[in-house]
Amino acid sequence: MDYYQGYHNQEDYNNYNDDEEKDHEYKSSKKDKKEKKEKKKAEAKKVPAKKEAKKEKKKEPKEEAKKKKQPEQSKTADDDEEPTGEFVAVDETRQPLSIVFIGHVDVGKSTICGRIMVITQKIDERTIKKYEQEAKEKNRESWWLAYVMDLNEEERLKGKTVEVGKATFVTEHKRYTIYDAPGHLNYVPNMIMGAAMADIGALVIAAKKGEFESGYDRGGQTLEHMLLAKSLGIQKLVMVVNKMDEASVRWSKERYEEIKSALTPYLIRYGFNPEKNVTWVPVSGLTGANIAVKLDPKTCNWYDGPTLMNILENLEVPERDDKGPLRIPVLDKMKGRGTDIFGKVNTGRIDIGTQVVVMPYKLPVEIASIRNTDDQLVRYAKAGENVKLIVKGLPSDDYIYKGCLLCSPTDLCAVFQTFIAEVKIVNTLTHKPIISTGYQCILHLHTLAEECTITKLLGIKSPKDKDFREAKFARENDQINCIITTKTMIAAEKYSTSRQLGRFTLRDEGKTIAIGTVQKYAPI
């Protein structure tokens, strides 16, 4: 580096420095004399600090004093800054489709979802190696695919999904959101939340000897998940028979047909049409066999049907009502820079600036921000889209929670606490084999979970009866008309108005006991 830049030589540079030093010494001595002089003046005056402060206060304008006395205004839920970022165009060329993977614990739901993410290249090689290494360190080398969906450390340690995992991918014709629902009995309420957001259900069954039986027998979750899917409005099921490569199965056609024969009667019983609404497919999530690439005849010479990805791509998308009244069931909320509200546009359309009403409180708010399933800012969302919203005008985030409905101001949903229902009793508890007036349980309706009581039996119809009759109690497999009262007011619809918002499930002590529909209600 040239230290003498700007000078002809080192001598000029040194001379300049000498002059600078002399000048600095002169200025320093002059400054010291001045400071001493000022100090003497200050001591002579000796004005008390308190008197000075009083003088300053008198000089202060009255308006400024008033401002100081005013307390700082409390922050409301919508005072937080609106998220900023670039908007992306809504993909109108691909239809949105939400799929929930359900089934008994340890059947391989997370592994299949992880395999799909790898196949669709949503996971890069670096991340794959990271998951493989992490699984190896935990002595769970075959679990690395599940780590794609199970992000919680507890889930990875125990190998059990607790929360509903979510991922997205696109194909030529569709935009998919897949939900990986927990299969353990203790987390059925979380599974219900995932199913409430889905259009299609993929029920995963393990073909391995003993594992299928564990999920199928009383106490297993295979049949309950099938029932819940139907009661939550899922019309089509993909029956994914997993672990076909396992040593006890080895792609056995007999085992595959045995599973189909055992489950088909229940599909019919719960309202699925096996010919029109159910598709079966054998796969191996661990090896990826028949997920995206057709089976090698050497591996399996009896199945020549479509792969799982082919089936998903060819599924018919449910009808969407973009022009209907806005209905968004609130799935969850999260406090960030504002209050993030998660839900699915059931019917209608929302744009930034749209005025909506939070039900059941009839609280008017404005849509300030819309994000899609990839957390990208968009200007609008139509029916079928899963969204994350921020609203303006919310006095407190206590006014919005799981089970609320966002509605059009000109066409509000119903709000009630007492309603007449048509109910099918599918299971009863061993120690509570009958249902009568006063029976208490939990009502699951769209994203809502609320305590309720059967306050009156209006009629009963057993499998042997042709018509409803009066009765004081009902048993398993009976159909009843009854009056149900909830603990607090709820936002919903009649089944005839909206299937998604008018059908419900009754659960007691962690078990699904009945499914039903809202027929009439007493408005509030």
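Residues numbered from 1 in each chain as written. Predicted model: local features only at pLDDT ≥ 70, side-chain atom pairs only at ≥ 80, totals over all residues. Heavy atoms only, no water.

**Q** Run through the overall build of the protein chain, naming residues and quoting values.
**A** Across its full length, the protein chain holds 12 helices and 22 strands. The proportion of buried residues among the 524 residues of the protein chain is 45%. Of the contacts made within the protein chain by residues no fewer than 6 positions apart, 71% connect residues no fewer than 24 positions apart. Carbon and sulfur atoms make up 48% of the accessible area of the protein chain, which totals about 28800 Å². (Helix = DSSP H or I, 4+ residues; strand = E, 2+ residues; numbered from the N terminus. Buried < 20%, exposed > 50% of the residue type's maximum accessible area, 1.4 Å probe, protein only. Contact = heavy atoms within 4.5 Å. Areas by Shrake-Rupley, 256 points an atom, 1.4 Å probe, with all protein chains shown as cover.)

**Q** Quick one: what's the story with the nonpolar core, residue by residue and with numbers?
**A** Residues Met 226, Met 239, Trp 280 and Leu 308 are the most contacted members of the largest nonpolar core, which totals 79 residues. By residue number, the principal contributor to this core is strand 4 (residues 200-206), which donates six residues. Listed in part, the 28 residues of the second largest apolar core include Ala 414, Phe 419, Ile 454 and Cys 482. (Core = buried A, V, L, I, M, F, W, Y, C linked by side-chain atoms within 4.5 Å.)

**Q** Describe the pattern of salt bridges, listing the residues and the values that go with them.
**A** Tallying each qualifying case throughout the model produces 18 salt bridges. Across the salt bridge formed by Lys 208 and Glu 211, the nearest N and O atoms sit 3.7 Å from each other. Residue Lys 208 is classed as partly exposed on the basis of its relative accessible area of 29%. In this structure Glu 211 comes out as partly exposed when scored by relative accessible area, which is 23%. For Lys 243, the salt bridge is made with Glu 211, and the minimal N-O distance between the two is 2.8 Å. On the criterion of sequence distance, the pair formed by Lys 243 in the loop between strand 5 (237-242) and helix 10 (253-269) and Glu 211 in helix 8 (residues 211-216) is long-range, its members being 32 residues apart. (Salt bridge = Lys/Arg side-chain N within 4 Å of Asp/Glu carboxyl O.)

**Q** I'd like a description of the sheet that holds strand 13 (residues 386-392), backed by residues and values.
**A** Sheet architecture is closed into a barrel: six strands sit in the order 7-8-13-11-10-14, paired in antiparallel fashion. Averaged over neighbouring strand pairs, the angle between their axes works out to 45° when direction is ignored. (Pairing = 2+ DSSP bridges. Axes fitted to C-alpha atoms, helices over the stretch in contact; angles between N-to-C directions.)

**Q** Run through the pairing of strand 8 (residues 339-344), naming residues and quoting values.
**A** Most of strand 8 sits inside the fold, with five of its six residues counted as buried. In this structure, strand 8 lies alongside strand 13, joined through four bridges in antiparallel fashion. Considered in strand 13, the bridge of Phe 342 is made with Lys 388.

**Q** Help me get a handle on the side chain of Asn 386, residues and values and all.
**A** Looking at the secondary structure, you find Asn 386 in strand 13. Residue Asn 386 is classed as buried on the basis of its relative accessible area, which comes to 6%. Within the structure, the side chain of Asn 386 is placed 2.8 Å from the side chain of Ser 98, a separation counted as a polar contact. Excluding its chain neighbours within four sequence positions, the residues that come into contact with Asn 386 are Ser 98, Thr 177, Tyr 179, Met 197, Gly 343, Lys 344, Arg 371, Asn 372 and Thr 373. (Polar contact = N/O pair within 3.5 Å; in protein donor to acceptor, adjacent residues only side chain to side chain.)

**Q** Go over the side chain of Arg 327, please, and point to the residues and values.
**A** For Arg 327, the location among the structural elements is in strand 7 (residues 327-335). A polar side-chain atom of Arg 327 sits 3.1 Å from a polar atom in the side chain of Glu 493. In this view, Arg 327 contacts Lys 344, Val 345, Asn 346, Thr 347, Leu 406, Cys 407, Ser 408, Asp 411, Leu 412, Cys 413, Glu 493 and Leu 501; residues no more than four positions away in its chain are not counted.

**Q** Please set out the sheet that holds strand 17 (residues 440-445) residue by residue, giving values where relevant.
**A** Taken together, the six strands give a closed barrel; going around it, the order is 15-20-18-17-21-22, and neighbouring strands pair in antiparallel fashion. Averaged over all pairs of adjacent strands, the angle between strand axes in this sheet comes to 40°, irrespective of strand direction. Bridge count between strand 15 (residues 414-425) and strand 20 (residues 479-492): 10 bridges; the pairing is antiparallel. Note on strand 20: the bridge partner recorded for Ala 414 is Ala 492.

**Q** Which residues make up the packing of helix 9 (residues 222-231) against helix 10, and what values go with them?
**A** It is at 10 Å that the axes of helix 9 and helix 10 come closest, and there the two elements cross at 30°. Considering the angle they form, helix 9 stands roughly parallel to helix 10. Remark: the crossing between helix 9 and helix 10 carries right-handed chirality. From helix 9, Thr 222, Leu 223 and Met 226 reach across to helix 10, where they touch Leu 263, Tyr 266 and Leu 267. Among the residues making up the contact of helix 9 with helix 10, the classes are represented as five nonpolar, one polar and no charged. (Parallel < 35°, antiparallel > 145°, perpendicular 65-115°, else oblique. Left-handed = near helix turned anticlockwise from the far one by under 90°. Nonpolar A, V, L, I, M, F, W, Y, C, P; charged D, E, K, R; others polar.)

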